[in-house]
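Examination of the molecular architecture
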Amino acid sequence: MYYLHLSRVYWGKFMEEKKWYVVNTYSGHESKVQEKLEMRIHSMNMEENIFRVIVPEQKVEEIKDGVVKEKVKKMFPGYILVEMIMSDEAWYVVRNTPGVTGFIGSSGKGAKPIPLLPTEIDRILLNMGMSRLELGDEIKVGEKVKIIDGPFKSMIGKIEKMDIETQDLIVLIDLFGQDTPIEAKLYQVEKIL
């Protein structure tokens, strides 16, 4: 018997969670591979197994001829990140997308790849201003979170308000024995299970 619940698929006692995987692509073709993979996900009805496809990029300032210009730079040329529940079907869809050369962390010969650790993907997404969690789906008002970035890092609090559009949160933390509201972005918190 199957039960679909947000980021997990329950099958009896066996549970699979969506995790992040690193996929190798032809260098310079990351955006094209992302586009092709997203089209394949939709056309093959894999939306419940493959969730997000990201080209890791960040904005950097460069000075050229005395002028400061903002430029988007790939963090890992030749790689994309895929959030998915690892199944034979999902693995097949990603592996056989044009431009994909394989998964990182797979020994080959049909072996499934090893996902990124939450701390690894959090660091990458944090640099992009993103988060593993999705407001309203995986994190809700009233839930406890740990602050993972900013001046209140490592403190634990409870979400009082959230704005899905801007991904802003108001988190109540215990500061000197009083509940104190602080503002945080979604990527600055981690859900406590």
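Here we summarise the structure given alongside this text. Along every chain, residues carry numbers that run from 1 in the direction the sequence is written. Where totals are concerned, whole chains, interfaces and linings use all residues; where local detail is concerned, this predicted model gives features only for residues with pLDDT of at least 70, and gives and counts side-chain atom pairs only at 80 or more. The side-chain numbers reported here are obtained from all heavy atoms of the structure, hydrogens and water having been left aside.

Moving on to the overall build of the protein. In this text, helices come from DSSP runs of H or I with a minimum length of four residues, and strands from runs of E with a minimum of two, each type numbered from the N-terminal end. Across its full length, the protein carries 3 helices and 14 strands. At a minimum sequence separation of 6, the contacts of the protein that also span at least 24 residues come to 56%. For the protein, the accessible surface area stands at approximately 12,100 Å², while carbon and sulfur atoms represent 53% of it. Whether two residues are in contact is decided by their heavy atoms, any of which lying within 4.5 Å being enough. Only the protein chains shown count as cover for residues, and the accessible areas themselves come from Shrake-Rupley with a 1.4 Å probe.

This part covers the packing of aromatic side chains. Between rings of Phe, Tyr and Trp, where Trp is taken as its six-membered ring, a pair exists when centres lie within 6.5 Å; planes separated by under 30 degrees are stacked, by over 60 edge-to-face, and by other angles tilted. Tallied over the entire structure, the rule returns 1 aromatic pair. Plain terms: the ring middles of Tyr-21 and Phe-103 are 6.2 Å apart, the flat faces sit at 90 degrees to each other, and that makes the pair edge-to-face. Note that Tyr-21 is positioned in strand β4 (residues 19-25) and Phe-103 in strand β9 (residues 100-103), a separation of 82 residues in sequence. Relative accessibility under 20% of the residue-type maximum defines a buried residue, over 50% an exposed one, and the middle range a partly exposed one, all with a 1.4 Å probe and only protein chains included. For Tyr-21, a relative accessible area of 4% gives the class buried. Residue Phe-103 is classed as buried on the basis of its relative accessible area, which comes to 9%. Lysine NZ or arginine CZ positioned within 6 Å of the ring centre and within 35 degrees of the ring normal marks a charge as sitting over the ring. Seen from the ring of Phe-51, Lys-18 lies directly overhead, with NZ or CZ sitting 4.5 Å from the centre.

Strand pairing is assigned whenever DSSP identifies at least 2 bridges connecting the two strands. Where strand β6 (residues 57-64) and strand β7 (residues 67-74) come together, 8 bridges link them in antiparallel fashion. Its bridge partner being in β7, Glu-61 is matched across the sheet by Glu-70. Linking β6 back to β7 in an antiparallel pair, the connection comprises 2 residues, with Asp-65 at a positive phi of about 55 degrees.

Right, let's get into the sheet that holds β4. The strand order across the open sheet built from 4 strands is β5-β8-β4-β9, with neighbouring strands paired in antiparallel fashion. Strands at the two margins of the open sheet, each flanked by one partner only, are β5 (50-54) and β9. Put simply, the sheet's adjacent strands are angled 30 degrees from each other on average, direction ignored. The pairing of β5 with strand β8 (residues 79-84) spans 4 bridges and is antiparallel. Note that in β8 the partner of Ile-50 across the bridge is Met-84. Under this scheme, a helix contributes an axis fitted over its contacting stretch, all axes are lines through C-alpha atoms, and angles between N-to-C directions fall in the 0 to 180 degree range.

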